[in-house]
Amino acid sequence: MAEAERIIGTPGTPDDGGEQTTTPGASGAEQRPVTDERRPGRGRRIAVLFAVAAFAYALDLVSKMIVVAKLEHHAPIEVIGDWLEFHAIRNPGAAFGFGGAFTIIFTVIAAAVIVVIFRLARKLYSFPWAVALGLLLGGALGNLTDRIFRSPGIFEGQVVDFIAPKGFAVFNLADSAIVCGGILIVLLSFRGLDPDGTVHKN
């Protein structure tokens, strides 16, 4: 978690963790420090993060409700021949069915990811990063909801998966949001764009 916060820090950051700049046009003794909390745009970026997260979470939740009600215990539905089907299963593991014996561990990891994203949001000034973190947050919340509220028990619940491409693992919309958010973060990192809006050259 400390490493994640270090990534979004900027050179010259004071000990209290806020970025310090000076008021434009001021000189000498009239210069006043401007902390992260007073920089323009952070509120809008946080709003984007939570709006994207809410949309991804709601889409995942509604899709799972429909799948459980209409598709579970029924034959798979062909969407594109046998190349893509909707096939309801319960997954005790991580995304795409991996690690079925470590349900509680994956629950803890998902909760930790959510906490880290909330902490990173304090210094978020980049729109693309807001979208990426929103996708991660919405996806993590979607699968964590299953872990907590679905059978066989609290923190051991099995995730509802239903998207079944031919020759690939079955997954859900939360998994898709997490993967898309992760890919976007990798692309932003390659471009040198940090969550605080600064750009660095490798």
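As shown above, the structure is provided for reference.
Quantities reported herein were computed from a predicted structural model and do not represent experimental measurements.

(A) Here's a closer look at helix α2 (residues 42-70). Across its 29 residues, α2 extends 42 Å between first and last C-alpha, which sits within 8% of the 42 Å expected from 1.5 Å per residue. Every buried residue of α2 is listed here: R42, I46, L49, V52, A53, A56, D60, S63, K64 and V67.

(B) Representation of the pattern of salt bridges in the model. In this structure the tally under the stated criterion is five salt bridges. Salt-bridge contacts for K166 lead to D82; the nearest nitrogen and oxygen are separated by 3.7 Å. Of this pair, K166 sits in the loop between β5 (159-165) and α5 (173-191) while D82 sits in the loop between β3 (77-80) and β4 (84-91); the two residues are 84 residues apart in sequence, bridging distant segments of the chain. Judged by its relative accessible area of 42%, D82 is partly exposed.

(C) Up close: the side chain of S126. Topologically, S126 is positioned in the loop between α3 (103-120) and α4 (127-149). Of the polar contacts made by the side chain of S126, one reaches the backbone nitrogen of W129; its length is 3.3 Å. Apart from the residues within four sequence positions on either side, S126 is in contact with R45, L193, D194, P195 and G197.

(D) Geometry of the environment of L144. The residue L144 is located in helix α4 in this model. Between the alpha carbons of L144 and I114 there is a distance of 9.7 Å; along the sequence they are 30 residues apart. Those residues within four positions of L144 in sequence are excluded, and the remaining contacts are T107, A110, A111 and I114.

(E) Structural detail: the sheet that holds β3. Taking strand neighbours across the sheet as the criterion, the three strands line up as β3-β4-β5 in an open arrangement whose pairing is antiparallel. What marks the edges here is a single partner per strand, and that holds for β3 and β5. Taken pair by pair, the neighbouring strands of this sheet meet at an average axis angle of 40 degrees, ignoring direction. In the sheet, β4 pairs with β5 via six bridges, with the strands oriented antiparallel. Note that in β5 the partner of F86 across the bridge is I163.

The rules behind each value
- Residues numbered from 1 in each chain as written.
- Predicted model: local features only at pLDDT ≥ 70, side-chain atom pairs only at ≥ 80, totals over all residues.
- Heavy atoms only, no water.
- Helix = DSSP H or I, 4+ residues; strand = E, 2+ residues; numbered from the N terminus.
- Expected span 1.5 Å × (residues − 1).
- Buried < 20%, exposed > 50% of the residue type's maximum accessible area, 1.4 Å probe, protein only.
- Salt bridge = Lys/Arg side-chain N within 4 Å of Asp/Glu carboxyl O.
- Polar contact = N/O pair within 3.5 Å; in protein donor to acceptor, adjacent residues only side chain to side chain.
- Contact = heavy atoms within 4.5 Å.
- Pairing = 2+ DSSP bridges.
- Axes fitted to C-alpha atoms, helices over the stretch in contact; angles between N-to-C directions.

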